[in-house]
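Listed here are the chains, written in short residue letters.
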Amino acid sequence: MNPCAVPTQRTDDDGDDRWLSIHKRFISECREKDPDVIFIGDCILETLQDTETWHHYFAPMHSLNFSIRGDRCENVLWRIENGELDNVKPKIVVLHVGTNNVDNKAEEIADGVYEIVQRIRSRLPDTYIVLPSLLPRGHQANKLRDKNAQVNSLVKEKVVGLNRVQTVDITKGLVQTDNSISHHDMFDYKNLTNTGAKKVFEPVHDLLSQILNENEQERDLTPSE
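Residues numbered from 1 in each chain as written. Predicted model: local features only at pLDDT ≥ 70, side-chain atom pairs only at ≥ 80, totals over all residues. Heavy atoms only, no water.

## Re the sheet that holds strand β1 (residues 37-41)
Piece 1. Read across the open sheet, the 5 strands follow the order β2-β1-β3-β4-β5; overall the sheet is parallel. Both outer strands of the open sheet, β2 (63-67) and β5 (165-168), are each paired with one neighbouring strand and no more. Sheet twist, expressed as the average angle between the axes of neighbouring strands with direction ignored, equals 20 degrees.
Piece 2. Summarising the sheet, β1 and β2 pair through 5 bridges and their orientation is parallel. Paired with Ile40 across the strands is Phe66, a residue of β2. (Pairing = 2+ DSSP bridges. Helix = DSSP H or I, 4+ residues; strand = E, 2+ residues; numbered from the N terminus. Axes fitted to C-alpha atoms, helices over the stretch in contact; angles between N-to-C directions.)

What follows is the structure, encoded as structure tokens:
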């Protein structure tokens with residue numbers, strides 16, 4: 001059985017139960033708020049909410065961020081199975097996960113992402129699901145960077161033809177001509193700086209804006225009861 005596609009609760013290695021506490025907070029936010037966009041995933045999306053890009057582009061879209069540093073496919077799957085997308089009807093869910101599955105094969109990670117898409121769709125049949133590509137990582141070229149690129153290709157193939165599911169390439173402009181990544185874009189060669197976030201998430205903002213605008217137009221054209 002593919003471990004990436006089996007819902008798995010994170011182990012409490014630090015002994016302070018933080019991961020489960022964050023999960024419970026996200027569930028509470030679902031009950032208390034009415035978001036148009038939910039971001040769910042790993043460190044890439046978690047650190048995004050501390051950037052100017054989040055506050056300038058995504059917060060005004062009535063967005064919530066249900067992302068936890070260090071999460072793997074199976075952890076996000078567990079969180080969804082245990083209430084994080086209940087009691088809420090966002091127009092869009094943005095999913096980014098897989099870069100922390102360092103010990104899994106590309107095929108396993110892609111299957112894990114696909115399983116999460118299926119679980120989101122079963123809960124939110126009318127919601128758009130947007131899948132930003134996994135980012136390159138590491139200062140210099142390395143096997144994990146290659147694997148992330150392979151995952152991106154596999155995920156794109158798997159979701160072709162799925163209704164209201166769209167991938168978006170956010171890898172452009174990070175890898176320089178000598179195959180290095182600058183610390184000005186990724187401060188630890190994995191997570192984004194303010195500069196990196198603006199560069200990387202602009203295509204995501206453009207796509208979300210387009211989807212939300214189309215949603216508004218459809219609603220305007222719907223006859224009133």
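What follows continues from the structure just given.
## What to know about the UniProt feature "domain: SGNH hydrolase-type esterase" (unreviewed entry) in the protein
Piece 1. The sites that UniProt annotates as "domain: SGNH hydrolase-type esterase" (unreviewed entry) are residues 39-188.
Piece 2. Taken as a whole, residues 39-188 contains 40% helix and 15% strand, while its terminal C-alpha atoms sit 22 Å from one another. (UniProt positions renumbered as here; feature names shortened; annotations may be inferred.)

## Considering the packing of helix α1 (residues 18-32) against helix α4 (residues 73-84)
A pair of packed helices is captured by two measures, namely the crossing angle of their axes and the spacing between those axes.
Piece 1. The interhelical angle for the contact between α1 and α4, taken along N-to-C directions, is 45 degrees, at an axis separation of 10 Å. With respect to α4, the axis of α1 lies oblique. In this structure, α1 meets α4 at a crossing whose hand is right-handed. Each of Trp19, Leu20, His23, Phe26, Ile27 and Cys30 in α1 lies in contact with α4, whose residues at this interface are Asn75, Trp78, Arg79, Asn82, Gly83 and Glu84.
Piece 2. Each residue belonging to the contact of α1 with α4 can be placed in one class, and the counts come to 6 nonpolar, 4 polar and 2 charged. (Parallel < 35°, antiparallel > 145°, perpendicular 65-115°, else oblique. Left-handed = near helix turned anticlockwise from the far one by under 90°. Contact = heavy atoms within 4.5 Å. Nonpolar A, V, L, I, M, F, W, Y, C, P; charged D, E, K, R; others polar.)

## Observations concerning helix α5 (residues 106-123)
Piece 1. Taking 1.5 Å of rise per residue, 18 residues should cover 26 Å, and α5 covers 26 Å from first to last C-alpha, within 8% of that figure.
Piece 2. Buried residues belonging to α5 abut α4, β3 (92-96), β4 (128-132), α6 (143-159) and β5. (Expected span 1.5 Å × (residues − 1).)

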